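Chain residues, written in single-letter form:
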Amino acid sequence: SKWSPVISSSYTYLSGANRDETRSDEAYKGWDPMFENQTVGHIMNAIFSNTNMHRASIGAKAKLTDDITANLDYVGAWFAKRYPRNLNRQAILSGVYGGAAGAGGQGRVFRMQGEKYIGSEIDAMLTYDYTEDVQFSLLGGILLTGNDIWNNEQNNGKGAIADATEVIGSMKVTF
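Sequence order sets the numbering: in each chain, residues are counted from 1 along the sequence as written. Selection of residues for local features in this predicted model requires a pLDDT of at least 70, selection of side-chain atom pairs for listing and counting requires 80 or more, and totals for whole chains, interfaces and linings are taken over all residues. The basis for the side-chain values is all heavy atoms of the structure; hydrogens and waters are excluded.

Here we come to the nonpolar core. Residues belong to one nonpolar core when they are buried, are Ala, Val, Leu, Ile, Met, Phe, Trp, Tyr or Cys, and are joined through side-chain atoms within 4.5 Å. For every residue, the accessible area (1.4 Å probe, protein chains only) is compared with the maximum for its type, and the residue is labelled buried under 20%, exposed over 50%, or partly exposed between those bounds. In this structure, I43, M44, I47, F48, M53, I118 and L143 are the most contacted members of the largest nonpolar core, which totals 13 residues. Breaking this core down by element, the ones donating at least two residues are α1 (42-47) and β3 (68-79). Helix and strand definitions here come from DSSP, where helices need a minimum of 4 consecutive H or I residues and strands a minimum of 2 consecutive E residues; each element is numbered from the N-terminal end.

In structure tokens:
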């Protein structure tokens, strides 16, 4: 057809079970993000550990012209197991909001209120095929966190919902 439209959906369950255990041969049994074969929510993928959550997505893709493709994705996320109320859970965020937590940086502290809903993300991407071997992309996204995730470091002392946005330009060259 003219636009070659595609509608897709996905569901991902990340249990987090046994993530820190090792086998008798000392091999790590948990999820290794270096071998990830999917990205469900670009911002969520960057700031949340891929553990203890459900992610569901729906997407649409269309070829606007011979050289330009547009993608639009909506992702919803929920914790698989509820975290205890009023427990600071810095470990679930990588500290993108101000330093890498666990890597010598401070990272920011977010307070969980004990609910399961993490939030929703909307990502839009335009891809331009310059030649067969060169491709340019522009990705924009927004993560709308649920009422459960609060940034405790706001200047007003009351905290604020910790929404996030991103814009990424990229170029891919194939040899």
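The discussion continues.
Right, let's talk about the sheet that holds strand β7 (residues 134-145) for a bit. Each pair of strands is called paired provided DSSP finds at least two bridges between the two strands. The strand order across the open sheet formed by six strands is β1-β2-β3-β6-β7-β10, and the pairing between neighbours is antiparallel. Lying at the two open borders of the sheet, with one neighbouring strand each, are β1 (6-14) and β10 (164-173). For this sheet, the mean inter-axis angle between neighbouring strands, taken without regard to orientation, is 15 degrees. In terms of strand pairing, strand β6 (residues 117-129) meets β7 through eleven bridges, oriented antiparallel. Each residue of the ladder has a partner; that of S120, found in β7, is L144. Between N-to-C directions, angles span 0 to 180 degrees; the directions come from axes that are lines fitted to C-alpha atoms, helices contributing only their stretch in contact.

Our focus in this paragraph is the layout of surface pockets. Buriedness for pockets is judged along seven lines, at least five of which must meet protein on both sides within 12 Å for an open set on the 1 Å grid over protein atoms alone, while cavities are sets there where a 1.4 Å probe fits but cannot get out, and lining residues have an atom within 4 Å of a point. Grid points are joined across faces, edges and corners, and a volume is the space filled by probe spheres set on the points. Space inside the second largest pocket adds up to approximately 180 Å³. Taken together, 15 residues form the lining of the second largest pocket, with S10, T39, V40, S57 and D73 sitting closest to its centre. Secondary structure elements with two or more residues in the lining of the second largest pocket: β1, β2 (53-63), β3 and β6. Put simply, Ala, Val, Leu, Ile, Met, Phe, Trp, Tyr, Cys and Pro go in the nonpolar bin, Asp, Glu, Lys and Arg in the charged bin, and everything else, Gly too, in the polar bin. Taken together, the residues that form the lining of the second largest pocket break down as four nonpolar, nine polar and two charged.

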